[in-house]
Amino acid sequence: MTDTLPDRLSADPNSPFYNEELLNRGVGIRFKGVEKDNILEYCISEQWVKVTVSNTVKRDGTPMTMKLSGSVEAYVKENTEETK
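Residues numbered from 1 in each chain as written. Predicted model: local features only at pLDDT ≥ 70, side-chain atom pairs only at ≥ 80, totals over all residues. Heavy atoms only, no water.

### A word on the environment of Arg 8
Next, step 1: Among the structural elements, Arg 8 can be located in strand β1 (residues 8-10).
Next, step 2: Separated by 40 residues in the primary sequence, Arg 8 and Trp 48 place their C-alpha atoms 9.8 Å from one another.
Next, step 3: Excluding its chain neighbours within four sequence positions, the residues that come into contact with Arg 8 are Phe 17, Glu 41, Tyr 42, Cys 43 and Trp 48.
Next, step 4: A polar side-chain atom of Arg 8 sits 2.8 Å from a polar atom in the side chain of Glu 41. (Helix = DSSP H or I, 4+ residues; strand = E, 2+ residues; numbered from the N terminus. Contact = heavy atoms within 4.5 Å. Polar contact = N/O pair within 3.5 Å; in protein donor to acceptor, adjacent residues only side chain to side chain.)

Dropping the structure here:
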């Protein structure tokens, strides 16, 4: 499988941009040069990410999100399993 990622990807199963196969492989996001792990959705061409806001949820139980603008880099995480 190729390591090219789509322009837009979402971790929400109800989104049309959801791709379970890619998410299971591991997708890393650098936002403004800093690695983030609370990204729910990103768009590289429009340069924005949606992040979760703490543990806050809406009335329907979905996480509260905030849309932030800035440079976005997406990459496939390497599976580095260390044996002890």
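Read on, since the account is not over.
### Things to note about the sheet that holds strand β3 (residues 34-36)
Two modes of strand pairing occur in sheets, parallel and antiparallel, and in both the strands are linked by backbone hydrogen bonds.
Next, step 1: Across the sheet, which stays open at both edges, the three strands sit in the order β3-β2-β7 with antiparallel pairing between neighbours. Two strands close off the open sheet at either side, each with one partner strand: β3 and β7 (72-76). Neighbour to neighbour, the strand axes of the sheet diverge by 35° on average, direction disregarded.
Next, step 2: The pairing of strand β2 (residues 27-31) with β3 spans three bridges and is classified as antiparallel. Bridging across to β3, Arg 30 finds its partner in Glu 35. (Pairing = 2+ DSSP bridges. Axes fitted to C-alpha atoms, helices over the stretch in contact; angles between N-to-C directions.)

### Concerning the pairing of strand β5 (residues 48-57)
Each regular strand carries side chains that alternate between the two faces of the sheet.
Next, step 1: Pairing of strand β4 (residues 39-43) with β5 involves four bridges; the strand directions are antiparallel. Its bridge partner being in β5, Ile 39 is matched across the sheet by Val 51.
Next, step 2: Connecting β4 to the next strand, β5, in antiparallel fashion are four residues, including Gln 47 with a positive phi near 55°.
Next, step 3: Relative to strand β6 (residues 63-69), β5 is paired through six bridges, and the arrangement is antiparallel. For Val 49, the partnering residue across the bridge sits in β6 and is Leu 68.
Next, step 4: The antiparallel pairing of β5 with β6 creates a hairpin that spans five residues between the two strands, and Gly 61 there sits at a positive phi of about 95°.

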